[in-house]
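# Architecture at a glance
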Amino acid sequence: DIVRHGDKVVVCVSGGVDSVALLHLMVELREEWALDLHVLHFNHGKRAESEEEEAFVKDLGARLGVETHVRHPAEAFDSVGFQAKARAWRRDEAERLLDAVAGRVILQGHHADDQTETILMKLMRGCH
């Protein structure tokens, strides 16, 4: 089982439909499964929408009664290798929060098209 009764769970929420749906599902299960949920949002500050997405996730967490944690990188990532660096930073930050709340599991929402999007991006850049 990925999530067990009584778990402390860090749910990574970008503000996109997949992670928001995951959070709603976990909130629905929270009482029955005695879950202690924590929302974790990453604001890379790279896009105009970043602040709006952060505000949305904070508001969503408050409305659902889930403590929300937001992380900002100490400094901007270089555009070269951005995705890999950002992914490693997100993983490290999620693990730090998991340790801080004495949690057991980190959840991320992805939809089926995520893999397709990644493959198409790599093909367009000439990577494999």
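What this report covers is the structure whose coordinates are included nearby. (Residues numbered from 1 in each chain as written. Predicted model: local features only at pLDDT ≥ 70, side-chain atom pairs only at ≥ 80, totals over all residues. Heavy atoms only, no water.)

## Considering the nonpolar core
- With 18 residues, the main nonpolar core has Val9, Val11, Leu23, Met26 and Leu37 as its most contacted residues.
- Of all elements in the fold, only β1 (8-12), α1 (17-33), β2 (36-42), α2 (50-64) and β4 (105-108) reach the threshold of two or more residues within this core.
- Counting residues per element, this core draws most heavily on α1, which supplies 5 residues.
- Each residue touching leucine 37, except ones within four places of it in the same chain, is listed here: Val9, Val11, Met26, Val27, Arg30, Val66 and Glu67.
- Counting residues in each nonpolar core, the second largest holds 12 residues, with Cys12, Leu40, Phe42 and Phe82 among its members. (Core = buried A, V, L, I, M, F, W, Y, C linked by side-chain atoms within 4.5 Å. Buried < 20%, exposed > 50% of the residue type's maximum accessible area, 1.4 Å probe, protein only. Helix = DSSP H or I, 4+ residues; strand = E, 2+ residues; numbered from the N terminus. Contact = heavy atoms within 4.5 Å.)

## With respect to the sheet that holds strand β3 (residues 67-71)
- If you trace the 4 strands from one edge of the open sheet to the other, you get β3-β2-β1-β4, paired in parallel fashion. Because the sheet does not close on itself, it has two edges, and the strands there are β3 and β4. On average, each strand axis in the sheet is tilted by 25° relative to the strand beside it, whichever way the strands run.
- Pairing of β2 with β3, which is carried by 5 bridges, proceeds in the parallel orientation. Looking at the pairing, histidine 41 lines up with valine 70 of β3. (Pairing = 2+ DSSP bridges. Axes fitted to C-alpha atoms, helices over the stretch in contact; angles between N-to-C directions.)

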